[in-house]
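# A closer look at the structure
Take a look at the letters that make up each chain.
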Amino acid sequence: MTAVFSHGRLRLYLLKLLDDGPKHGYELIRLLEDRFLGLYAPSAGTIYPRLQRLEVEGLVSHTAAGGRKTYDITDAGRAELRQRAGELTALETDIAASVADLSSLAGEIRSEVRGSARDLKRELSEATRQTRRTRWEAPAPPPRPASTGGPQAELLDELDQRLAAFTAEVGRLMRARQFSDTQLRTAIRLLDGALDGLRRLLR
């Protein structure tokens, strides 16, 4: 239970809520939750025993209908409210201060969570970029057997250059943007087809 309701002050506030009209236990819990902007809500195990004690003391009474008890303040309960009007005013002031503190704390927590989420998203994005950059770095072409010179050597050199340029261009394209699964599957099929064609040609 929040500290603002220590030393029997919750029973006083329950009398105040019942003074506004009959209510069942769930309504009292909801009203308290609303009063604290959803940042605090007493449990049924907190509310119902106090209602029972107030009833034993003759400050509230209840009627039962449909398996639910509805509580109402008695004349004795109203008399206690009048006698403790100063305490009730101080309690309302403390509740307002507690709500302000809880709201401030909730705001700080939300800001920290949003900041952490932004940091995590930024780190994941950077890791993705690094992975993609590393994955698509153009590898060094494998060493080619020494050529004896002549026109064929020039053609082999040109083929090496074209392969290196092709790999570098593919890497540049992959680093430039995000791709859909369909685009990536199509690109894979195109590369597989080109490789199969080269295998058949160079066998």
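To keep things clear, this report deals only with the structure shown in the data block.

About the thresholds
Here, residues in each chain are numbered from 1, in the same order as that chain's written sequence. Under the rules for a predicted model, residues below a pLDDT of 70 receive no local features and side-chain atom pairs below 80 are neither given nor counted, while totals for whole chains, interfaces and linings still include all residues. To get the side-chain values, take all heavy atoms of the structure and skip hydrogens and water. Strand pairing is assigned whenever DSSP identifies at least 2 bridges connecting the two strands. The helix and strand labels rest on DSSP assignments: H or I over at least four residues marks a helix, E over at least two residues marks a strand, and numbering proceeds from the N terminus. Contact definition: two residues touch when any of their heavy atoms are within 4.5 Å. Lines fitted to C-alpha atoms define the axes here, with helix axes fitted over just the stretch in contact, and angles between the N-to-C directions of these axes take values from 0 to 180 degrees. Comment on the angle field: the value is read as roughly parallel under 35 degrees, roughly antiparallel over 145, roughly perpendicular from 65 to 115, and oblique elsewhere. We call Asp, Glu, Lys and Arg charged. Ala, Val, Leu, Ile, Met, Phe, Trp, Tyr, Cys and Pro are nonpolar, and the rest, Gly among them, are polar. Think of it in three bands: residues with accessible area under 20% of the maximum for their type are buried, residues over 50% are exposed, and the middle band is partly exposed, with areas taken using a 1.4 Å probe on protein chains only.

## What to know about the sheet that holds strand β3 (residues 68-73)
Read from one edge to the other, the open sheet built from three strands follows the order β1-β3-β2, with strand pairing classed as antiparallel. Because the sheet does not close on itself, it has two edges, and the strands there are β1 (23-24) and β2 (60-65). Looking at chain direction, β2 and β3 are connected through six bridges and run antiparallel. Each bridged residue has a counterpart across the sheet, and for valine 60 the counterpart in β3 is isoleucine 73. Sitting on the sheet, helix α1 (residues 9-19) is in contact with β1, β2 and β3, with an inclination near 90 degrees to β3.

## So, the packing of α1 against helix α3 (residues 44-56)
Two elements in contact, α1 and α3, have axes separated by 10 Å at closest approach and are oriented at 80 degrees. With respect to their mutual orientation, α1 and α3 come out roughly perpendicular. Contact residues: α1 offers Leu10, Arg11, Leu14, Leu15 and Leu18, while α3 offers Thr46, Ile47, Arg50, Leu51 and Leu54. Of the residues assigned to the contact of α1 with α3, the class counts are seven nonpolar, one polar and two charged.

## Structural notes on α1
Burial runs high along α1: nine of the eleven residues are buried. Two residues or fewer past α1, glycine 21 is found with a positive phi of approximately 145 degrees.

## Things to note about the environment of glycine 25
Its place among the elements puts glycine 25 in helix α2 (residues 25-35). Looking at glycine 25, the relative accessible area reads 0%, which means it is buried. Residues glycine 25 and alanine 44, spaced 19 residues apart in sequence, show a C-alpha to C-alpha distance of 7.5 Å. Residues contacting glycine 25, with those up to four places away along its chain left out, are Ile47, Tyr48, Leu51, Lys69 and Tyr71.

Scope: geometric values only; no functional claims are made or implied.
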